[in-house]
Amino acid sequence: DSGVTQTPKHLITATGQRVTLRCSPRSGDLSVYWYQQSLDQGLQFLIQYYNGEERAKGNILERFSAQQFPDLHSELNLSSLELGDSALYFCASSALTGVGNTIYFGEGSWLTVV
Amino acid sequence: DAKTTQPPSMDCAEGRAANLPCNHSTISGNEYVYWYRQIHSQGPQYIIHGLKNNETNEMASLIITEDRKSSTLILPHATLRDTAVYYCIVRVGSNSGYALNFGKGTSLLVTP
């Protein structure tokens, strides 16, 4: 158990809908990361937040957005969902944002768009 | 970030040492080498990381060549539960923000 908690574990929704994935980082961790893993793309970095501020951005679609709240939990919002958005979404956290900080991953949220 | 090259797959007999190589010939002086593994769609699991010196923890050892252009992850006594995809990642440090960029990794199969 990495200490990173993600909800829901599984989610099925229809195309065009909007969903929110939630992440609670490890206790005391200030940095949160979101990753997407689909069968054909592998693990793709989406976005990083540190203490409420966006710090790094990867291949995140404009239909997707994220935020980190004062209590340090984070949410990933996915809107206008398409079939291709079906994937496993991972949240990860680290204590700080420097390179020596280890990133720990949650168990992921399975999203199926039908 | 420095690019890494790993063999797509490897086999190892249970109880033997598994040696997973990684080439990172364009690595620069301040880039760390990280190893993660992912067991069948579970969350990636941190194994070990290092900068210049060899490192060892309860899971594995990391051997980095003197020129830092390659490294080897060693699982000293592989078990069936070590069957997973192993990712070697090189990431430069930055206090403004950073993330680990995963490649395709090495699929390690441990056989009885």
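Remember, it's a predicted structure, so these values are computed and weren't measured experimentally.

A. Structural detail: the overall build of chain B. Looking only at helices and strands, one finds 0 helices and 9 strands in chain B. Going from N to C terminus, chain B has its helices and strands arranged as β-β-β-β-β-β-β-β-β. Based on the C-alpha atoms only, the size of chain B along its principal axes is roughly 45 × 30 × 25 Å. Residue pairs in contact within chain B that sit at least 24 positions apart in sequence constitute 56% of those at least 6 positions apart.

B. Representation of the pairing of strand β9 (residues 87-94) of chain A. All names here are of chain A. Most of β9 is tucked away, with 8 of its 8 residues classed as buried. The two faces of β9 match: A87, Y89, C91 and S93 on one face and L88, F90, A92 and S94 on the other face are all buried. Sheet topology note: the strand β4 (residues 31-38)/β9 ladder contains 7 bridges and is antiparallel. For V32, the partnering residue across the bridge sits in β9 and is S93.

C. Region of the structure containing the nonpolar core. Core analysis: the largest hydrophobic core is formed by 21 residues, its most contacted members being B:W35, B:L73, B:Y86 and B:L108. Among the secondary structure elements, those contributing two or more residues to this core are β2 (18-23), β3 (31-38), β4 (45-50), β6 (61-64), β7 (70-75), β8 (84-92) and β9 (106-111) of chain B. For this core, the element with the most residues is β8(B), which contributes 4 residues. A:L46, A:I47, A:L76 and A:L81 belong to the second-largest nonpolar core, a separate cluster that totals 20 residues.

D. Local environment of the sheet that holds β2(B). Here we have 4 strands laid out as an open sheet, ordered β2-β7-β6-β5 (chain B), and antiparallel in their pairing. Lying at the two open borders of the sheet, with one neighbouring strand each, are β2 and β5 (55-56) of chain B.

E. Representation of the packing of aromatic side chains. Residue and element names in this part refer to chain A. By the definition in use, this model includes 12 aromatic pairs over all chains. A centroid spacing of 5.2 Å and a plane angle of 55 degrees characterise the contact between Y35 and F105, whose relative ring orientation is tilted. Highlighted residues: Y35 in strand β4 and F105 in strand β10 (residues 104-105), separated in sequence by 70 residues. Under the relative-accessibility criterion, Y35 is labelled buried at 0%.

F. Representation of the sheet that holds strand β7 (residues 64-68) of chain A within the structure. All names here are of chain A. In spatial order, the strands read β1-β3-β8-β7; together these 4 strands make up an open sheet with antiparallel pairing. Of all the strands in the sheet, just β1 (5-7) and β7 have a single pairing partner and so form its edges. Taking each pair of neighbouring strands and ignoring which way they run, the sheet shows an average axis angle of 15 degrees. Of the pairings in the sheet, the one linking strand β3 (residues 19-24) to strand β8 (residues 74-78) comprises 5 bridges and is antiparallel in character. Counted as the bridge partner of C23 is S74 from β8.

G. How the structure looks around the layout of surface pockets. When its volume is computed, the largest pocket comes out at roughly 360 Å³. Those elements that provide at least two residues to the lining of the largest pocket are β1 and β10 of chain A together with β3 and β4 of chain B. Its residues assigned to classes, the lining of the largest pocket comprises 8 nonpolar, 8 polar and 4 charged. The calculated volume of the second largest pocket comes to roughly 250 Å³. Lining the second largest pocket are A:Q37, A:S38, A:L39, A:G42, A:S86, A:A87, A:L88, A:W110, B:Q38 and B:S41.

H. A look at unusual backbone geometry. Residue and element names in this part refer to chain A. Note that the residue after T7, namely P8, is joined by a cis bond; omega there is -10 degrees. Considering the arrangement of structural elements, one finds P8 in the loop between β1 and β2 (10-13). One non-glycine residue, L72, lies in the positive phi region at around 80 degrees. Along the chain, L72 turns up in the loop between β7 and β8. Notably, S80 is not glycine yet its phi reads approximately 45 degrees, a positive angle. Position of S80 among the secondary structure elements: in the loop between β8 and β9. Taking the relative accessible area as the measure of exposure, S80 reaches 41% and is therefore partly exposed.

How each quantity is defined
- Residues numbered from 1 in each chain as written.
- Chains lettered and ligands numbered in written order.
- Predicted model: local features only at pLDDT ≥ 70, side-chain atom pairs only at ≥ 80, totals over all residues.
- Heavy atoms only, no water.
- Helix = DSSP H or I, 4+ residues; strand = E, 2+ residues; numbered from the N terminus.
- Contact = heavy atoms within 4.5 Å.
- Buried < 20%, exposed > 50% of the residue type's maximum accessible area, 1.4 Å probe, protein only.
- Pairing = 2+ DSSP bridges.
- Core = buried A, V, L, I, M, F, W, Y, C linked by side-chain atoms within 4.5 Å.
- Phe/Tyr/Trp six-rings, centres within 6.5 Å; stacked < 30°, edge-to-face > 60°.
- Axes fitted to C-alpha atoms, helices over the stretch in contact; angles between N-to-C directions.
- 1 Å grid on protein atoms, 1.4 Å probe; cavity = no way out; pocket = protein on both sides within 12 Å on 5 of 7 lines; lining within 4 Å.
- Points joined across faces, edges and corners; volume = space filled by probe spheres on them.
- Nonpolar A, V, L, I, M, F, W, Y, C, P; charged D, E, K, R; others polar.

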